[in-house]
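Chain residues, written in single-letter form:
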Amino acid sequence: MSTKTLTVGGRDVEISNAAKILFPDDGITKFDLAEFYAKIAETALPHYRERPVTMQRFPDGIEADGFFHKNVPEHFPDWIRRVEVPKEGGIVTHAVVTEAATLAYLADQGCITPHLALARAGAPRKPDRMVFDLDPSDDDFGKVQEVARAVKRALDQRALPSFVATTGSRGLHIVLSLDASVEVARLRPFARRLAEEVAAAHPALATTEQRKAKRGDKVLIDTFRTAHAQTAVAPYAVRARKGAPVATPLRWPEAFSSEMTPDRYSIASIFRRLGQTMDPWADIHDDPQDATKLAEAS
């Protein structure tokens, strides 16, 4: 087993079994993954700030079963920040990413995809993001784009600016930035009502039916993340899929482009994009929406 040292932000992070292939069709090793996260951190870190991390780990690569891991193991180094989040009957101790070295270390642990809490550590029941996850029943991304147009239109009609990103899988995430002023239970009715409104207006395209067997070929407008302790894939995270696609924030015109696909950007191409355009979500926290008004509107 080969070990290589990656120096990140003044820290030496040891990558064990560095030559292990995680993406067999692409030849991407664990060391390659750690290097990617060390490099993407400059753009990605603002999105991690104060958010508990859930690790989606694939220690044997993407062709083996992965698993979600929340509690920080005892062997994690002391310089990785921890935060305790209450759960029913106890607490969960999550990692919080505060520097590039933490992302590289998580890659060493086989964490291909970090997922981030939608509420910050200081107020775990008061989210500052609301996510509408557009989850298709097939690979027709054109339908996802049409449903995204409808969701954006419904938000625009309410004077609610929204942000969009590819998931790196098959769909899109539409995100509202919130001021974390109310508990998540009070926000669920608003999210559900808006999704149901869009689905009712586009019955051939969209659904809020959670059961896959009843969705047919429609796009699910998933609002289930508007609940306590829910997460979403981190912006600029790698997905455990062939080609190593990256969940990528977009501008709205890009999301509607005929050239867009949910896995368009990857480890191999994302830095070319970032060399040509700044992060479309760089200002996502500049004008958060009044969550109390959303709760009262529902």
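Residues numbered from 1 in each chain as written. Predicted model: local features only at pLDDT ≥ 70, side-chain atom pairs only at ≥ 80, totals over all residues. Heavy atoms only, no water.

Draft legend 1. Up close: unusual backbone geometry. Located in the positive-phi region is Glu-50, a residue other than glycine, with phi close to 65°. Structurally, the position occupied by Glu-50 is in the loop between α1 (30–48) and β5 (52–57). What makes Glu-50 partly exposed here is its relative accessible area of 32%. Of note, Ala-244 is a non-glycine position whose phi angle comes to about 50°, a positive value. Within the secondary structure layout, Ala-244 lies in the loop between β15 (231–233) and β16 (249–250). (Helix = DSSP H or I, 4+ residues; strand = E, 2+ residues; numbered from the N terminus. Buried < 20%, exposed > 50% of the residue type's maximum accessible area, 1.4 Å probe, protein only.)

Draft legend 2. Focus on the sheet that holds strand β10 (residues 129–136). Strand order in the open sheet formed by six strands is β13-β14-β10-β12-β11-β16, and the pairing between neighbours is mixed. Every interior strand has two partners, whereas the edge strands, β13 (206–207) and β16, have only one. Examined bridge by bridge, β13 and strand β14 (residues 219–222) share two bridges and lie parallel to one another. Note that in β14 the partner of Thr-207 across the bridge is Leu-220. Against the sheet, helix α4 (residues 188–201) touches β10, β12 (172–177), β13 and β14, its axis set at about 35° to β10. (Pairing = 2+ DSSP bridges. Contact = heavy atoms within 4.5 Å. Axes fitted to C-alpha atoms, helices over the stretch in contact; angles between N-to-C directions.)

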